Structures are given as structure tokens and as C-alpha cells.
Amino acid sequence: MKTELIPTYTIRDISEGFEYNALEGKGLYGLAGKLTIQPEYQRNYIYADGKRDVAVIMSLLKGYPLGLFYFNKPTKDTLEVLDGQQRITSFGRFITDKFAIKDENGMEQYFSGLAKDKQEIVLNSTILVYECEGTETEIKEWFKTINTAGIPLNDQELLNAVYSGPFTTKGRAEFSNSQNANVAKWGAYVNGAVIRQDYWERALEWVSKGKGNIAGYMSMHRYDDNIREVKEYFNNVIDWASSLFKDVEKEMSGLEWGRLYETYHSKKYDLNELNADVQALYGDGYVKNRRGIWEYLLGGKSDMNLLDVRVFDEPTKKATYVRQTKEATRTGTSNCSLCREGHQSSKTKIWRIDEMDADHVTPWSKKGSTSPENCQMLCKTHNRAKGNR
């Protein structure tokens, strides 16, 4: 790959003809249309937080260097930003009055309201740019390499770069657009940041049946001019979940809804009973893992490990053990109630406390409480065999 250092670009040059797409949160063009600020393989603009964008401008006003910039030169007359789009979009947005900074008196100042000498400081600041030429593979390998510093690209941002094309462009326009009216609804089931590609990643994970399959799916569809299959599947999952559970709880966001949909969407449920069970479990103080409630119910209440039901504490176990052992010694029987009913060899066995487990007399799933009154000590063999009968 060929590189050339260009030390003469000014902020005025780069910002000429600057365009910013507020809907998608990205700078589009600079250098009078010659420079594409956010090509397909770049992530969305993430500096619009009133801190990092302001820091870029304050650095310019103080005469601090902004670091190196890298431009790709795909043709003789065009350039693309390889590294530096966050900084470029920040000063481009400032010059076009998209945000303000605070002056030495704490007053907000937009670019158009700055003193002329300060405006000139910003516009005449120079940046160091390496212009790079190479094959698509070379450019994207270089892009991944130089983006290991600062705020690193996440997995999906890297995949967007590797598999840039019409499919990724349309996917980002739909799922990485914070202005999309559907984001609020999606957020009940998907967590993460829209602009960091979390929603786009989840849509791809669901349709490809697993996060490990995303790269292959994107490669297969890289040059598709639509994302119809992704949208349809994603909406099917969201609509299925929202049709089953009428109340939206915060713990629902980020669950593996794609996997749950694949496993259970053909199963029929009594919606009144299902939602009543959700509320009962959600309010049950013995359920330690609320995030497991929905899968537990969808699976027919068969896997209590999903709920991590609160176990008996040590004082309760010891008190129950002492009580049972005292009674067993008096009657000449085993201190495990199931051993007393079993084979002759165990009918009178007295187990040590470390050879026993605490168990609900009335199972928790049948409304039994995790209280001293509902505790019994069983030998480990019987407790593991007892299950939830």
C-alpha cells in the first residue's frame, strides 16, 4: 500500500461544503465534495456527547495538534476518511453551528458568534494527513489496524468495514439510525447503543441463527440491494414476544429472544395464565434471577435453574439438621425421612450434616416457601433423586 504525507490541509479546506446527516448521525462530505467523511465501512458518529466534540474544538483553539488523519484515495479525484472521521465531523458540526462550546466566562458560544480572531484560529489550523492508495483488502486491513487505539471498533463495526456494500448500508440506515421511530419499541427487547451497531448486530444474529454466523451471512448478502429478510425476521421476533407478554419489564431487554423465538414460537400458550405467572414470579422474593422468568415459563416451567431460587441459609439448615437428628436418635431411625422409608441398610443411618442437603417439603414450584417451617434435610442421594415431584 502506498502512503503520502500531506501537511497542508486546513480546517477551512476540510470543512468546505461540509454536510451532516442528523438522522443517521454522520458527516457526509467535505473538501467541497471531494472527501467522503463516513464511507460505508466507517462506524456512526459517536462524539456528539458535549464532551468529546467540545474537546476537539478546545484543542484547536489552544493550538494543540489533533493527531494524524488517514485518507484513502479510491480514485484520482476522490478521498475517503480512513481514520479521523469523529474529529472531522466534530469540527464540521461546530463550524456549521450544530453545537456550542463555553468560553472563558462560562457562556455558550456557537461558531458564528465567536470573535473573528477565534474563528480564524479554528479555520486556519492545519492537520497532518496521510493519503493512502491500495486494494480494497489492503485498505480494510489498514483500517482495522489503525482503529485499535482510542475507542476501539466493536465486533459489528469491524464486520461492517469488512463487508461494506449496499446490504450493510441499508442495514445501518434501518437499525443504526437513532431517529428510527421503532427504536423505542425495539429497546424493550434489545439492549445496547443504536449508533454502536448493537441493534444491527442483534438483527443479524437472529436471522443467521447465532452470533457466530453473522460474518458468513453478511458475506453471502454483501451485494444485496435490500435487507428484506433481516427486517422480516427481526420484526417477527419482536412481534411474537410482545404478543405473548403484555407487561414490559426492564429485565426483558437483552434476553436471547431470537433463540427463544426459534425454540418456542410454534407452541401455544394460555396468555392469561402466562402473564399471571410472570407477575407472580416477578414479585416472588425467592426468585434471584428475574431475567430467567420468561424462558422458564416458555419452556413449561421445567428448568428451575433459570430462576436461581433462593436457597435455605446456613442457620436454617443447621437448626433443621439438629431437630431431625435428635428425633431420629430418639426413635432409632434415619435422620433422612426418605431413608426411613427405603431399604433396610439405610433405615437407621444417621447422616452427617455435610452428607445432606436442604430441601423444600412443599416444592417451591408448588407455592412452597423457603422458610424454616418448610425445610427438611435429606441425604444427598435422595435429594438429587427427589426433583420436583
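Quick look at the structure, then.

1. Thoughts on unusual backbone geometry
If you check the backbone angles, Ala32 has positive phi at about 60° while not being a glycine. Position of Ala32 relative to the elements: it lies in the loop between strand 3 (26–30) and strand 4 (35–36). You can call Ala32 exposed: its relative accessible area is 53%. Located in the positive-phi region is Asp97, a residue other than glycine, with phi close to 60°. Within the secondary structure layout, Asp97 lies in the loop between helix 3 (85–95) and strand 7 (101–102). Under the relative-accessibility criterion, Asp97 is labelled partly exposed at 30%.

2. So, the packing of helix 7 (residues 166–175) against helix 11 (residues 228–244)
Relative orientation of the contacting elements helix 7 and helix 11 amounts to 35°, with a least axis distance of 10 Å. Contacts between helix 7 and helix 11 involve Phe167, Glu174 and Phe175 from the first element and Val230, Lys231 and Phe234 from the second. When its residues are assigned to classes, the contact of helix 7 with helix 11 shows 4 nonpolar, no polar and 2 charged.

3. Observations regarding the side chain of Glu201
Tracing the chain through its elements places Glu201 in helix 9 (residues 198–208). The residues contacting Glu201, other than those within four sequence positions of it, are Asp155, Gln156, Lys211 and Ile214.

4. A word on the nonpolar core
Grouped together as the largest cluster of nonpolar side chains are 48 residues, with contacts concentrated most on Phe175, Val230, Trp240, Phe245, Trp257 and Trp294. For this core, the secondary structure elements donating two or more residues are helix 7, helix 8 (183–186), helix 9, helix 10 (214–221), helix 11, helix 12 (257–264), helix 13 (271–282) and helix 14 (293–298). Here this core takes 8 residues from helix 11, the largest share from any one element. Each residue touching Val230, except ones within four places of it in the same chain, is listed here: Phe167, Phe175, Trp200, Ala203, Leu204, Val207 and Tyr217. Counting residues in each nonpolar core, the second largest holds 32 residues, with Ile37, Tyr47, Ile95 and Leu114 among its members.

Analysis parameters
- Residues numbered from 1 in each chain as written.
- Predicted model: local features only at pLDDT ≥ 70, side-chain atom pairs only at ≥ 80, totals over all residues.
- Heavy atoms only, no water.
- Helix = DSSP H or I, 4+ residues; strand = E, 2+ residues; numbered from the N terminus.
- Buried < 20%, exposed > 50% of the residue type's maximum accessible area, 1.4 Å probe, protein only.
- Axes fitted to C-alpha atoms, helices over the stretch in contact; angles between N-to-C directions.
- Contact = heavy atoms within 4.5 Å.
- Nonpolar A, V, L, I, M, F, W, Y, C, P; charged D, E, K, R; others polar.
- Core = buried A, V, L, I, M, F, W, Y, C linked by side-chain atoms within 4.5 Å.

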